[in-house]
Structure formats: C-alpha cells, structure tokens
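Chain residues, written in single-letter form:
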Amino acid sequence: MTEDASSRKELAAIKGTKDILPGEVEKWQTLEVLVRETFELYGFRELRAPVFEATELFEKGTGSTSDVVTKEMYTFIDKGGRSLTLRPEYTPSVVRAIIEHRLDLEGAPMRYYFMGPMFRYDKPQKGRFRQFHQVDIEVFGEKDAAVDAEVIEMADALLRKLGVIGTETLVNSVGCRACRPAYSQALRDAAGKRRSELCLDCQRKEETNPLRIFDCKVEACQAVARSFPVIQDFLCGECRDHFSKLLACLDIYDIPYRVEPRLVRGLDYYTKTTFEIVSRSLGAQNSLVGGGRYDDMMKNFGGPDICGIGFAMGMERVLSIAEVAPPKRKSLYLAYLGDEAQKAGLELARYFRANGVECLVEFKDRGMKAHFGRANKLHAAWVLVLGEDEIKKARFGLKEMGTGRQVDGTREELLAILRND
Ligand SMILES: [Zn+2]
Ligand SMILES: [Zn+2]
C-alpha cells in the first residue's frame, strides 16, 4: 500500500457512522420540516441539550441494568478526569435541563421536542449505526391518560404525513411502584422454574430485572417468556383505570391498536403506559416509534415530583420507508464572458439572491459552450448570459434549459419571469 492509500484509509468515517450527502440530505430536511410543523401544532417547543453529559446522568436516568447502560454507552474520560458520555437517548437530558433551569415553575404541562444524533456502541449492522438520529418528544406534568393517547396520535399523524403506511400500534401498561413489585416477583418465580432453558443474559435478568427477559431476542427465551403471567392481571386500580382511559381515547382518535402484554421496552424507567409503532414492511428491526410514561424519573433525579411521557422515533429507519419528495430546486446559472462581465455578474447575482432566486456563479474563465455544459451538469433551470453588449444595454438573455425558450429583458423583467416560474 502506498503512503497515500494508507492515510486515506485511516481517515475514513468511523465504523457505525455515516455521511449524509446532498441527494440524500434533502429527504432529511423534508422530514425535519414536517416534524417541526406537526409537533408545533400540538404546542411542543424545541429544547436543545448538549451532545454529552455526565455519565451518572444516564446511569441514573436510563437505568443501571438496561442494555443501553451496561453494554452500549459511548463513555470517555475527559482531560479533567471526569467521566462523560455521548447521549444514548434524550430523555435524561431533558429532565436534567428542566431541573437545572426550573422550567417546572413556568407551569405544567411542559411539551418539548428535539431532533438530533444519539450514540450507542452497538454492534453495527444493517440499518443500525453507532451515531444515529432520533426525533424525541417529552411531556411533563400531565398525568391524564388522554395525553398518552395524544402523543401516540401525534406520532401517527407524523408518520401519515411521511407517507408511511402499514404500521401497527402496540400498547401496554407496565404498572407502577405499587403494583409492579408483585408482578416482578411472579416473573422471577416463573423464570426460576425454567432457569436452565434461559440464556445466561436472561438468567442474570431474572435477578436484576425479570421484565427485561421479554426483550431477549433468543428464540428459546422468547418461548419461555410466552408462558409467563401477564401484567394486566397484576395492575392496581389506578393503573387499570389509566390503561382503560388510554384505550378509550385511542378509540376516539380512531387509531387501531393491539394490546401487547409483553411490551416492556428496554429501559428501566417506564411506568404505566408503554407503546410502540411498528412497520410491517421492515424486517426484525421493525420499531419506528417507541415510548411510554416515566412518572418517577424527575423525582429520582432529585427534582420535583412531576410525571412524564414521551417517545423517540428513529430517523434512519423512518426515512428508509418514508415517501417524501424533496422540494424541487430551480436555480439560475449565471454565465459571463470576460473580467468586466464577471464584475457585473457579482452585482447581478447579489440582486437575484436578495430577491429569493437561487443563483449559481462559477469563477472560472470559460467559453459560452462550457458554461452551458456546467449549467446542464448542475441541473440549472435557467441560464442568464452576460457579455459586454448585455452590460452596455442593461438587458440580458435568459434561456430556459428544459424547453430551450429564450427571453430578453431588464433584470427586473427577468426577475418577474423567474419568480413566476
Ligand atoms: Zn399500579
Ligand atoms: Zn435470553
């Protein structure tokens, strides 16, 4: 390998990360616009937190027994000797920000959204990245189950705007502090009886967090888990009422759902509602949106006793099946001949851009034919020709590339044509 080739190899993007190039990025931009438009209709406001936080934040927030914390965090020691972690999910950052800025004093409910990169040291595989992107929403201070239904409806509305069809909404309740311990114990007993059939990971979960066995991908474990008692039989009165109100509200919104008693989701903090929207057109990794309620998180962080609910949507996965048409660009290529024309071209380009016309200028001396070749390559819709004659008369020729139509006029006249196009 030559020195050149080896240094190129060293400088490649890190495994599990990906460049989003022009051509693809337009789909992302369309998604981002739709996210903002949709969520703001529901009164959500954007909250941007830093990319890295103290490691304890995620250990405490995400849960020290979750796979995310035990296996997948991007943790490093900074030069000050402090352990920092690139956020693996967004909710703990929002909780921290609310407590730190006392946003709760502004009154409840608080509705926030965010879009951006998250980081997990996961095994890179098809459709899974170590730097991936999520849309995230959180509502704090609203304990009514109607808001649980509202956020599910909002996710559903966004997916429909994105042309994502063939989805299924799964809902469950994982109980609360009062009723879950009895269920965990029942699971522990059931798992204990069939311990030898479980994978090593699940044998460990049996002690630490038996609900997590439902998340195991090993077929034998899933078979055992199918025989476990279901949580609906253990819910306290409050959790039962909350769940039935959620289902009643989903009916009002006309959102079909399936109650999935084994949907516990991979994080420790959920209470009451959990939900997922899955796609039938994706394979094993079919979850588009996942979320739930976390009524104890704020208090566990030493903040006020404020309940919360939220969801995260994987942007890569949604974009892989979304039907979004990127906005059509119509740009003007400015072709000039000679130094004087270049100077006049600068002013003309400034005029068109100031009036909202995308204007491409290349500072390379070329003949007219070469200019048209470049305009073609750049998919310019129009070419404006600028030579000494045009400058003298202050009238310019405009050619529409698609049709070959040519017009002639002052810059104001041409602007009117470009704007109407
Ligand atoms: Zn309960
Ligand atoms: Zn297992």
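Here goes a summary of the coordinates provided. Throughout, residues of each chain are indexed from 1 in the direction in which the sequence is written. All chains are assigned letters beginning with A, and all ligands numbers beginning with 1, in the order in which they are written. Reporting of local features is limited, given that this is a predicted model, to residues whose pLDDT is at least 70; pairs of side-chain atoms are given and counted only at 80 or more, and all residues count toward the totals for whole chains, interfaces and linings. The basis for every side-chain value is the complete set of heavy atoms in the structure, and neither hydrogens nor water enter the calculation.

**Focus on the overall build of the protein chain**
Each helix and strand in the protein chain was counted, giving 16 helices and 16 strands. Only C-alpha atoms enter the radius of gyration; for comparison, a globular chain is expected to reach 2.2 Å times N to the power 0.38, where N is the number of residues. What you see for the protein chain is a C-alpha radius of gyration of 28 Å, clearly larger than the 22 Å of a compact globule of 421 residues, by over 25%. Considering only C-alpha atoms, the protein chain reaches an extent of 90 × 60 × 45 Å along its principal axes. Relative accessibility thresholds used throughout: buried, under 20% of the residue-type maximum; exposed, over 50%; partly exposed, between the two (1.4 Å probe, protein chains only). Put simply, the protein chain has 421 residues, and 49% of those count as buried. Computed by Shrake-Rupley with a 1.4 Å probe, the accessible areas treat only the displayed protein chains as cover when residues are assessed. Of the roughly 21,400 Å² of accessible surface on the protein chain, a fraction of 52% belongs to carbon and sulfur atoms. In the protein chain, which carries 63 positive and 64 negative side-chain charges, the distance between the mean positions of the two groups comes to 3 Å. Secondary structure is summarised from DSSP: a helix means a run of H or I of at least four residues, a strand means a run of E of at least two, and numbering begins at the N terminus for each. Counted charges follow a simple rule, with Lys and Arg positive, Asp and Glu negative, and His plus the chain ends left uncounted. Working definition for charges: the position is that of NZ of Lys, CZ of Arg, CG of Asp or CD of Glu.

**Here's the deal with unusual backbone geometry**
Following alanine 108, the chain continues to proline 109 via a peptide bond in cis, the omega torsion being -5°. Within the element layout of this structure, proline 109 appears in the loop between α5 (91-101) and β5 (110-119). In the Ramachandran plot, lysine 272 falls in the positive-phi region, its phi being about 55° despite a non-glycine side chain. Summarising the element assignment, lysine 272 is placed in strand β9 (residues 271-279).

**Re the packing of helix α2 (residues 25-41) against helix α6 (residues 145-161)**
To define axes, lines are fitted to C-alpha atoms, for helices over the stretch in contact only, and angles between the resulting N-to-C directions are given on a 0 to 180 degree scale. One way to put it is that α2 packs onto α6 with a least axis distance of 10 Å and a crossing angle of 145°. For α2 against α6, the interelement crossing comes out right-handed. Contact residues: α2 offers Leu34, Val35, Thr38, Phe39 and Leu41, while α6 offers Met154, Leu158 and Lys161. Across the contact of α2 with α6, the residue classes tally to 6 nonpolar, 1 polar and 1 charged. Take the far helix as your reference; a near helix turned counterclockwise from it by less than a right angle gives a left-handed crossing, and one turned clockwise gives a right-handed crossing. By definition, residues are in contact when any of their heavy atoms lie within 4.5 Å. All amino acids are sorted into three groups, where Ala, Val, Leu, Ile, Met, Phe, Trp, Tyr, Cys and Pro are nonpolar, Asp, Glu, Lys and Arg are charged, and the leftover types, Gly among them, are polar.

**Brief notes about the environment of phenylalanine 234**
Mapped onto the fold, phenylalanine 234 is located in the loop between α9 (219-225) and α10 (237-252). Looking at phenylalanine 234, the relative accessible area reads 28%, which means it is partly exposed. On a C-alpha basis, the gap between phenylalanine 234 and proline 22 in space is 52 Å, while along the polypeptide they are 212 residues apart.

**Considerations on the sheet that holds strand β6 (residues 131-140)**
In this analysis, strands are considered paired if DSSP registers two or more bridges between them. Across the sheet, 8 strands lie side by side as β1-β5-β6-β11-β10-β9-β7-β8; this open sheet has mixed pairing. Of all the strands in the sheet, the pair left with one neighbour each is β1 (45-46) and β8 (258-259). Sheet strands touched by α5: β5 and β6. Its angle to β6, the strand with the most contacts, is close to 45°.

**A look at α10**
Compared with the 22 Å implied by 1.5 Å per residue over 16 residues, the 23 Å span of α10 between its first and last C-alpha is a close match. Taken residue by residue, α10 has Cys239, His242, Phe243, Leu246, Leu247, Cys249 and Leu250 as its buried positions. Axial view of α10: buried residues confined to an arc of 160°, hence all on one face. In α10, the exposed residues that point more than 90 degrees away from the buried face are Glu238, Asp241 and Ile252. Helix span, expected: 1.5 Å multiplied by one less than the number of residues in the helix. The directions considered for the arc are those from the helix axis to the C-beta atoms.

**Overview of the pairing of β9**
With 9 of 9 residues buried, β9 is to be regarded as a mostly interior element. Inspection of the sheet shows strand β7 (residues 167-173) paired to β9 by 7 bridges, in the antiparallel sense. In the strand pairing of β9, serine 173 is matched with threonine 273. In the sheet, β9 pairs with strand β10 (residues 287-293) via 6 bridges, with the strands oriented antiparallel. Counterpart to isoleucine 277 in the pairing with β10 is valine 289.

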